[in-house]
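Residue-level structural notes
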Amino acid sequence: MELTKYTHATVVLERDGATLVIDPGAFTPEAADLVRAATGVLVTHEHFDHFDVDAVRAGLEANPALVVRAPQAVVDQLGEHDGRVAAVQAGDAFAVGPFSVRVFGEQHAVIHRDIPTIANVGYLVDDTVFHPGDAYLVPGVPVPTLLVPTSGPWTHTAEAVDYVREVAPERAVQIHEAMLSEMGQQSTARFLGSDGLGPVPVTILGSGESITV
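Residues numbered from 1 in each chain as written. Predicted model: local features only at pLDDT ≥ 70, side-chain atom pairs only at ≥ 80, totals over all residues. Heavy atoms only, no water.

Quick notes on the sheet that holds strand β11 (residues 145–149)
Sheets are built from strands that pair by backbone hydrogen bonding, the pairs being arranged parallel or antiparallel. On the basis of which strands lie adjacent, the open sheet formed by 7 strands has the order β7-β8-β9-β10-β11-β12-β13 and mixed pairing. Edge positions in the open sheet fall to β7 (93–96) and β13 (202–203), since each of these has one partner strand only. Two elements, strand β8 (residues 99–107) and strand β9 (residues 119–125), share 7 bridges in a ladder whose sense is antiparallel. In the strand pairing of β9, Q107 is matched with A119. (Pairing = 2+ DSSP bridges. Helix = DSSP H or I, 4+ residues; strand = E, 2+ residues; numbered from the N terminus.)

This is how it looks when you write it as structure tokens:
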């Protein structure tokens, strides 16, 4: 399976001629094109940096085979489109084309006590890649490739270290990095990785760069 990283939280998985787009957000200029060409879209939560509502709506209109899975708040904004858009929650398991998906989660990490928390789920795709959305979400199952959020108003370096240690993946890839400078990304990756306090190296991918997982 090929994993391609785009700006911030957007990741595309591809195998057997099918593509799965996770969190096509407004920080990703290519979001509309990625969604339009996808087999399926997974959204972890409703924040704009993870869910560009206009891009996903346009994709649903342009591609009659496209399916979307997301928390109920996202479904409420899109509509069900004859069942192509459906709500998911922790414990669900389903297939999108050749991909198998398991859902974990439940809530977005706390930003501040004055800001209400919202639904947030994580997706484990093909028992290989785990995208936690905006939470240090430990699925409690083996995770070969962990996508690690490294910036944002809810992130904390000490908690991120403990998160990577607890999940104990075979590899880690940085996501959610848009609020860090290039120097900040490099520094955070070293700190969270095996050169610092973490168990494995943290890979930094530029937008559009891919690895095989």
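Concerning the nonpolar core
L3, L13, L20, L42, F94, Y123 and V125 are the most contacted members of the largest nonpolar core, which totals 24 residues. Elements supplying a minimum of two residues to this core: β2 (11–15), β3 (18–22), β7, β8, β9 and β12 (171–175). Setting aside chain neighbours within four positions, we find V125 in contact with M1, L13, L20, I22, L42, F99, S100 and V101. Core analysis: the next-biggest nonpolar cluster, separate from the first, contains 21 residues, A109, L124, V143 and L192 among them. (Core = buried A, V, L, I, M, F, W, Y, C linked by side-chain atoms within 4.5 Å. Buried < 20%, exposed > 50% of the residue type's maximum accessible area, 1.4 Å probe, protein only. Contact = heavy atoms within 4.5 Å.)

Describing the pattern of salt bridges
Using the criterion set out here, one finds 6 salt bridges in the structure. Among the ionic pairs, D33 bridges to R36, the shortest N-O distance being 2.8 Å. With D33 and R36 both in helix α1 (residues 31–36), this residue pair falls 3 residues apart, about one helical turn. A salt bridge links R102 to D127; the shortest N-O distance between them is 3.1 Å. (Salt bridge = Lys/Arg side-chain N within 4 Å of Asp/Glu carboxyl O.)

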